[in-house]
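Each chain is listed here by its residues.
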Amino acid sequence: MLQIQTEHAGVETDDVVRQLEEYTTRLREVRSSGAYTEFESSLHLPGDEDLLARVQAVAVQKVTPQLKYHIVVGIGGSNLGTKAVYDALMGYRDLMSITESPRLLFAETSDPEGLSQLLQLLETISTPEEVLVSVISKSGGTTETLANFEIIMERLGKRFGDVTSRVVAITDTGSKLATAAADKGIATLEMPLPVGGRYSVFSAVGLFPLLSVGIDIVALRRGAVASLERCLAKDGDNIAAQSAAILALQQKNGHHINDNFFFHPELESVGKWYRQLMGESVGKEQSLLGEVVHAGITPTVSLGSTDLHSVGQLYLGGPKDKLTTFVSAKQSAAVQVPTERVFPDLVPMISGKSAADIMSAILAGVKIAYQKAELPFMEVVLDTVDEESIGAFLQFKMLEMMYLGQLLGVNSFDQPNVESYKIETKRLLEGA
Ligand code: PA5
């Protein structure tokens, strides 16, 4: 399902992977405990059958045959994983086929233009059964999420009266949002408290919206379980630990940027999900011992081949401060350049080649150029872009981040500095 290859300028990883054996044992124990009591408890989610049953039961009530738009109101850990999976499997196609339904729509930041367009779209529906609103917030108190939710609800209320039956709240057990939703009789799916937003894609946060639009969440979970088995087994092929070791060693070598270079445009949102995962997990002011360390590796996202035509020069000729992770998947050969061409003499070697052949040649060419320039890289190859492979990839990356936190000596599960701007924003709005 996933293959990982490395070309990282001779740095040995085996010793570092061995340092992680004790933590791997701990992760195995957390997983087998079946309880949501530890930071690492997200490891239970892909195998949690009660969770799956709860999500399916709410879907039976709320996903009507008329459903056209499921609006996911949430930000950061409350929407990036859902958007990653959705865009990989459906959203990219939505851009070309805007009539397909049901579709997920994401109300994320406080974006006046995007919200106006969303509200206009809601004018086109004729019954409340055509829309569903999931308000998703772990804390239950995120400014943008609650503002967007109220704006959407006001518009739906003006058109249809009380639409609370078309709302699902997804939040922490006992949060203020959970209490407020219960007061209004709004259906709620709860998140396990210790599971952080960026590790929550396999909780109701991701599963419910994805199921509502027909994504095979059972296969998604199956892929995640396969990565757990592979990366937690004794003497397993622990690609998560290997990849974390390479990231940590390369950082010591001065490669403070991890460029995630996707040769599959529909995986761009997977890259943005990873940016949060890495940014918040290992970007830390303090170490586990309380020392001020200002640790971190800066994650970036690039798209092949598009970004070769913008930042390729910088990557190949600029500062040697990046470890690149190329991500690709086997592609369909359905689309081909014809042999009878308008301009047969221009770039003649493309005649009869599929778009997939061209993309593969570009990726192969880039790797050769990186090798010649002695730029370190890893490569992850997915069998194909489907639920199982995406589930495997996301779980592999979440494990990688747990291991990387250990190697960098930081807490992979908190985000103390994110809170500071949230508090200031609320203070400014109170005063306005
Ligand atoms: O990790 C974080 O703290 C953030 O990125 C959150 O995911 C984001 O702020 C949304 O928070 P919440 O789910 O509490 O609304």
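Our subject is the structure that appears above.
Residues numbered from 1 in each chain as written. Predicted model: local features only at pLDDT ≥ 70, side-chain atom pairs only at ≥ 80, totals over all residues. Heavy atoms only, no water.

Enquirer: Just to check I follow, could you spell out the overall build of the chain for this structure?
Expert: Within the chain one finds 15 helices and 12 strands. Taken over C-alpha atoms, the radius of gyration comes to 23 Å for the chain, in line with the 22 Å a tight globule of 432 residues would show. For the chain, with 432 residues in total, the buried portion stands at 50%. Considering only contacts in the chain between residues 6 or more positions apart, those separated by 24 or more positions represent 78%. Total accessible area on the chain is roughly 19500 Å²; 54% of this is exposed by carbon and sulfur atoms. Of the charged side chains in the chain, 37 are positive and 54 negative, and the gap between their average positions amounts to 2 Å. (Helix = DSSP H or I, 4+ residues; strand = E, 2+ residues; numbered from the N terminus. Rg over C-alpha atoms; globule rule 2.2 N^0.38 Å. Buried < 20%, exposed > 50% of the residue type's maximum accessible area, 1.4 Å probe, protein only. Contact = heavy atoms within 4.5 Å. Areas by Shrake-Rupley, 256 points an atom, 1.4 Å probe, with all protein chains shown as cover. Lys, Arg positive; Asp, Glu negative; His and termini not counted. Charge placed at Lys NZ, Arg CZ, Asp CG, Glu CD.)

Enquirer: Just checking my understanding: could you explain the nonpolar core for this structure?
Expert: Within the largest apolar cluster, 85 residues are counted, with the highest numbers of intra-cluster contacts made by L394, L399, Y403 and L404. Counting 22 residues, the second-largest nonpolar core is a separate cluster that includes L105, V163, V167 and A181. (Core = buried A, V, L, I, M, F, W, Y, C linked by side-chain atoms within 4.5 Å.)

Enquirer: I would appreciate a short explanation of the site of the ligand in the present structure.
Expert: Taken together, 13 residues form the shell around the ligand, and within it S78, S137, S139, T142 and E280 come nearest. Contacts to the ligand include E280, whose side-chain N or O atom sits 2.5 Å from an oxygen atom. K422 places a side-chain nitrogen or oxygen 2.7 Å from an oxygen atom of the ligand. The fraction of the free accessible surface of the ligand (380 Å²) that becomes covered by protein chains is 90%. (Near = heavy atom within 4 Å. Polar contact = N/O pair within 3.5 Å; in protein donor to acceptor, adjacent residues only side chain to side chain.)

Enquirer: Just to check I follow, could you spell out a nonpolar patch on the surface for this structure?
Expert: A cluster of nonpolar residues, V342, F343, L346, V347 and M349, forms a patch on the protein surface that exposes about 570 Å² of accessible area. Considering the arrangement of structural elements, one finds V342 in the loop between β11 (322-329) and α13 (355-372). (Patch = residues over 30% accessible without salt bridge, like charges linked within 9 Å, V, L, I, M, F, W, Y side chains within 5 Å. Salt bridge = Lys/Arg side-chain N within 4 Å of Asp/Glu carboxyl O.)

Enquirer: What should I look at first to understand unusual backbone geometry in this one?
Expert: Only a minority of non-glycine residues have a phi that is not negative, and only a minority of peptide bonds are not trans. Between G304 and the following residue, S305, the backbone shows a cis peptide bond with an omega angle of -5 degrees. Mapped onto the fold, S305 is located in the loop between β10 (298-303) and α12 (312-317). Positioned with a positive phi, H294 is a non-glycine residue whose angle comes to about 45 degrees. If you trace the backbone, H294 turns up in strand β9 (residues 292-295). Here the phi dihedral of V347 falls at roughly 45 degrees; this positive angle occurs in a residue that is not glycine. Among the structural elements, V347 can be located in the loop between β11 and α13.

Enquirer: When you look at the pattern of salt bridges in this model, what are you seeing that I'm missing?
Expert: Close approach of charged atoms lets side chains of opposite charge pair. Scanning the model with the defined rule gives 20 salt bridges in all. The partner of E280 in a salt bridge is R198, and the shortest N-O contact between them spans 3.0 Å. With E280 in helix α11 (residues 268-282) and R198 in the loop between β6 (187-191) and α8 (204-212), this pair connects stretches of sequence that are 82 residues apart. The partly exposed category is assigned to E280, whose relative accessible area is 22%.

Enquirer: Looking at this structure, I do not really get the pairing of strand β3 (residues 103-107). What am I missing?
Expert: Within a regular strand, side chains alternate between the sheet's two faces. Most of β3 is tucked away, with 4 of its 5 residues classed as buried. Bridge count for strand β2 (residues 69-73) against β3 is 5 bridges, and the pairing is parallel. Of the residues in β3, the one forming a bridge with Y69 is R103. (Pairing = 2+ DSSP bridges.)

Enquirer: I keep staring at the pairing of β11 and nothing clicks. Help me out?
Expert: In terms of residue burial, β11 counts as a mostly covered element, since 8 of its 8 residues are buried. Burial along β11 is two-sided: the face carrying K322, T324, F326 and S328 and the face carrying L323, T325, V327 and A329 are both buried. With 6 bridges connecting them, strand β7 (residues 257-262) and β11 associate as parallel partners. Following the sheet pairing, N258 is matched in β11 by L323. Bridge count between β11 and strand β12 (residues 377-382): 6 bridges; the pairing is parallel. Its bridge partner lying in β12, F326 is registered against E379. Note on the crossover from β11 through α13 to β12: the handedness is right-handed. (Right-handed = clockwise from strand over helix to strand, strands pointing away.)

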